[in-house]
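Observations on chain architecture
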Amino acid sequence: MAIIQLLSIFCIICVPMEVMGKNGNASASSPRPSVVNVGALFTINSVIGRAAKPALEAAVDDVNSDSSILPGTKLNLITLDTNCSGFIGTMEALQLVENDVVAAIGPQSSGIAHVISHVVNELHVPLLSFGATDPTLSALQYPYFLRTTQSDYFQMFAIADLVTYYGWREVIAIFVDDDYGRNGISVLGDALAKKRCKISYKAAFTPGASNSAINDLLVGVNLMESRVYVVHVNPDSGLKIFSVAQNLGMVTKGYVWIATDWLPSLLDSIQPVDVNTMNLLQGVVALRHYTPDTDLKKRFMSRWNSLKYKNTTGPAGFNSYALFAYDSVWLAARALDAFFNDGGRVSFSDDPKLHDRNRSSLHLSSLRVFNGGQQYLQTILRMNFTGLSGQIQFDLDKNLVHPAYEVLNIGGTGMRRIGYWSNYSGLSVVAPETLYRKPYNTSTSNQQLYPAIWPGENSETPRGWVFPNNGKPLRIAVPNRVSYKDFVAEDKNPPGVRGYCIDVFEAAINLLPYPVPHTYMLYGDGKRNPVYNELVNGVAQNKYDAAVGDVTIITNRTKIVDFTQPYMESGLVVVAPVKEVKSSPWAFLKPFTVQMWCVTGAFFLFVGAVVWILEHRINHEFRGTPRQQLITICWFSFSTMFFSHRENTASTLGRMVLIIWLFVVLIINSSYTASLTSILTVQQLTSRIEGIDSLISSTEPIGVQEGSFAWNYLIDELNIAESRLVKLQNQDEYFSALKRGPKAGGVAAIVDELPYIELFLSSTNCKFRTVGQEFTKSGWGFVSITSFFLF
């Protein structure tokens, strides 16, 4: 019996060799050999492997039973198990290619795919991976690697669109520290940067990490500000994250969990639904590969439970990777059929670079090069057909066309689809294949999702960040002023400062739905007003987290820090001394200028002459001697000023002219009366300085508040000599300098911001006033390095 078994094994080994014609240094075969070997390399006892194994074997059976594909040639699938080990996976890959395979399907591990890609590059064997999603595998370094699933490059851009859609700015990435995790999160960082967002912290853990290690990692994560977590791990160990997170109270209201496609793949594989597992995931948002619901897909899913090749080591739960694995076999078969039709031959030859040295027992000489590998690879890249997962066609970057994902929201005992994502239209509630028929549109206004239920059964979108419990209070710099203390000043009582600006800030803080711990830090020695540019620089250099006070928003400052929306309008104005103008006996002439008096008199005479011309022929009141007619003209026109004219107008044109003129006289009377009343009742004030232009053209000294940006503005922008500027510290110095004037060592005018000037003028008894117009427009705002103030 032992001899018979050995002979049987020998026959099984030798038959494929004979079929492939393996002898000597090279082998050749007919254009269509009877058997062609195709390898499959993956971890059988895994979430992806248990779905892929029956799908691969079913696909091989379907190809061999279809007479239209590879007529006369049978596909022989050689399956090897990597056992979730990079080392074993590499050894299995070398063993696989010893069997003269024309294509290798797998692996599911991105790490193993990196190693095997070097092997297939050397042996010219196309590698069709249905599970390795690492974006870096698409590099030119791996020409024989082809991905028959979607790259994580697109998935990470989908997550970036999700983050932007909900208005979050920062996320924390939780990932497994291998090629799959690191490279995927690296792309996520780039995708977020394009949306003006970022990864605030990368929380990596080793493959196979224990619960205690994950617990320590999440405890540190929970102490940070961001509450948006992106989980990119392997499906076989990913639930550990959520189990530990639930124990730490991190799957509650205010938290956001976004999982990549590993989670839906795991949940789809669980039959029946595990209630305990679903309780860990309530409110999680996840992405799943989108595959259209075609009749081909529905027929395959209906026969899934009856497939005779199901894994015996565990339940073969269906997930999207089963579809990609099935399509990989058909891609290899269709391309091989086209390869044969184009005259391709399956032949292998020894590689002179692969010979054993120093009596090595690795038997590298058994690895042979597929002579038609390059032609076969190009044939695969040209394939275009519809598989279970959708359209199988490669773009110029060797990625499948039309990458798309479903956006799922986990709740209850299932997953609810709240939308789709595709690189053609972004986020949408319409299936991608429908949008492909419409113009390309990924604009922000076009993004749409159905409402989601977040952790803690919260229907409102979480804010996405909080102040951590162990975080330091915000360091708020406050200018220690010696003047205008009504705006901001030191206070002996808590919180140590007071003033209008502090009241506005505290009122805004109290409106927030969460506490914002902060402490005020006085800036300045209290002997003179601080220089506000230096205060802003202190915030920019991270000496303070923010600054609250009467800080003006100007261009130079906005280049280094962020400002809130202005809470008070401000601008530079000129204030100057004024003198009272005493009334004159001739004040009644002031309502009109000399020119106005002359024009008015001329019109009186002109209207009288016009009326005389129209009336004297038919109206006896306008007749008489020339002297009488001249007197009538003058008397008639001037008497209309008081509506006391006695002459009647007989002609129609004369009456029309008189009506118009009486209306003009009414306007003149009203204007004169109003102006004269104002002159006689309102105190008239005058100043030598009429505004900033007259101040610039003079050579007299100008007062400026110490620490104000006005000093640099007058020098740099208005080209006023620095020698003309005088620093003034408080309101008393303002009053004294203006009262003395330039001849007595004072100033001709003061340039300062409108809020200060209004407060100053309120106590000067009209001895000074603003002259001219406000010549800058700005406002006061709160300062921070990042815009965390919500105004």
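In the block above lies the structure referred to throughout.
The structure presented is a predicted model; accordingly, all values stated were derived computationally and were not measured.

Here the focus is the overall build of the protein. Across its full length, the protein holds 24 helices and 34 strands. Split into buried and exposed, the 791 residues of the protein put 49% on the buried side. For the protein, the exposed surface amounts to about 38100 Å²; the carbon and sulfur share of it is 55%.

Another aspect to go through is the pairing of strand β3 (residues 74-81). Bridge count for strand β2 (residues 35-42) against β3 is 8 bridges, and the pairing is parallel. Each residue of the ladder has a partner; that of Phe42, found in β3, is Asp81. Once the chain exits β2 it traverses helix α2 (residues 47-64) before rejoining the sheet at β3, and the crossover so formed is right-handed.

Our focus in this paragraph is the side chain of Ser425. Its place among the elements puts Ser425 in the loop between β17 (414-422) and β18 (426-428). Among the polar contacts made by the side chain of Ser425, one reaches the side chain of Ser422 at a distance of 3.1 Å. Leave out the neighbours within four places in its chain, and Ser425 touches Leu435, Asn441, Thr442, Asn446 and Gln447.

Of the consecutive residues Gly106 and Pro107, the connecting peptide bond is found in the cis state with omega at -5°. Here Pro107 shows up in the loop between β4 (103-105) and α4 (110-123). Here the amide bond leading from Pro494 into Pro495 is cis, since omega sits at 5°, within 30 degrees of zero. Checked against the element boundaries, Pro495 lands in the loop between β20 (489-490) and β21 (497-498). The phi torsion at Asn542 lies on the positive side, around 65°, for a residue other than glycine. Asn542 sits in the partly exposed class, given a relative accessible area of 45%.

Strand residues, when the strand is regular, have side chains that alternate between the two faces of the sheet. Going residue by residue along strand β14 (residues 384-387), you find Phe385 and Gly387 tucked away on one face and Asn384 and Thr386 left uncovered on the opposite face. Sheet topology note: the β14/strand β15 (residues 390-393) ladder contains 4 bridges and is antiparallel. Among the inter-strand pairings, Asn384 is bridged to a residue of β15, identified as Gln393. Counted along the chain from β14 to the antiparallel partner β15, the turn is 2 residues long.

Of all hydrophobic cores here, the largest spans 79 residues; its most connected members are Leu56, Leu75, Val102, Phe130 and Tyr376. Here the element with the most residues in this core is helix α12 (residues 320-341); it accounts for 16 residues. Ignoring sequence-local partners within four residues, the contact set of Leu75 consists of Val36, Val38, Val60, Val63, Asn64, Leu70, Val329, Ala333 and Leu336.

On to the sheet that holds β18. Reading across the sheet, the 8 strands line up as β8-β7-β9-β10-β11-β16-β17-β18 and stay open at both edges, with mixed pairing between neighbours. Each end of this open sheet is capped by a strand with a single partner; those strands are β8 (198-205) and β18. Taken over all neighbouring pairs, the strand axes of this sheet differ in orientation by 25° on average, direction set aside. Pairing analysis gives 2 bridges linking strand β10 (residues 256-259) to strand β11 (residues 285-289), with the strands arranged parallel. Looking at the pairing, Ile258 lines up with Val285 of β11. Across the sheet, helix α7 (residues 211-222) is in contact with β7 (170-176), β8 and β9 (228-232); its angle to β8 comes to roughly 165°.

Let's shift gears to α2. Taking 1.5 Å per residue, 18 residues should reach 26 Å; α2 reaches 27 Å between its end C-alpha atoms and fits that length. Across the 18 residues that make up α2, a large majority, 16, are buried.

Further remarks concern the environment of Gly707. Within the element layout of this structure, Gly707 appears in the loop between β29 (702-705) and α22 (710-716). Here Gly707 falls in the buried class, since its relative accessible area comes to 14%. Ignoring sequence-local partners within four residues, the contact set of Gly707 consists of Pro530, Val531 and Tyr532.

Take the packing of aromatic side chains next. Here a ring pair, both rings aromatic, is described through the centre-centre distance and the interplanar angle of the planes. Per the counting criterion, the structure on display carries 38 aromatic pairs. Centre to centre, the rings of Phe42 and Phe130 are 6.0 Å apart; their planes meet at 70°, and the pair counts as edge-to-face. Linking Phe42 in strand β2 with Phe130 in the loop between β5 (127-129) and β6 (145-147), this pair joins segments that are 88 residues apart in sequence. Phe42 gets classed as buried once you look at its relative accessible area, which sits at 1%. Using a relative accessible area of 0% as the deciding quantity, one classes Phe130 as buried. With 4.8 Å between their ring centres and 45° between their planes, Tyr153 and Phe157 make a pair best called tilted. In this pair, Tyr153 and Phe157 both sit in helix α5 (residues 152-165), 4 residues apart, roughly one turn of the helix. Joined through ring pairs, the aromatic side chains of Tyr484, Phe487, Tyr734, Phe735, Tyr756, Phe760, Phe768 and Trp780 make up one cluster. Lying across the ring of Trp711, Lys727 places its NZ or CZ 5.0 Å from the centre.

What counts, and where the lines are drawn
- Residues numbered from 1 in each chain as written.
- Predicted model: local features only at pLDDT ≥ 70, side-chain atom pairs only at ≥ 80, totals over all residues.
- Heavy atoms only, no water.
- Helix = DSSP H or I, 4+ residues; strand = E, 2+ residues; numbered from the N terminus.
- Buried < 20%, exposed > 50% of the residue type's maximum accessible area, 1.4 Å probe, protein only.
- Areas by Shrake-Rupley, 256 points an atom, 1.4 Å probe, with all protein chains shown as cover.
- Pairing = 2+ DSSP bridges.
- Right-handed = clockwise from strand over helix to strand, strands pointing away.
- Polar contact = N/O pair within 3.5 Å; in protein donor to acceptor, adjacent residues only side chain to side chain.
- Contact = heavy atoms within 4.5 Å.
- Core = buried A, V, L, I, M, F, W, Y, C linked by side-chain atoms within 4.5 Å.
- Axes fitted to C-alpha atoms, helices over the stretch in contact; angles between N-to-C directions.
- Expected span 1.5 Å × (residues − 1).
- Phe/Tyr/Trp six-rings, centres within 6.5 Å; stacked < 30°, edge-to-face > 60°.
- Lys NZ or Arg CZ within 6 Å of the ring centre and 35° of its normal.

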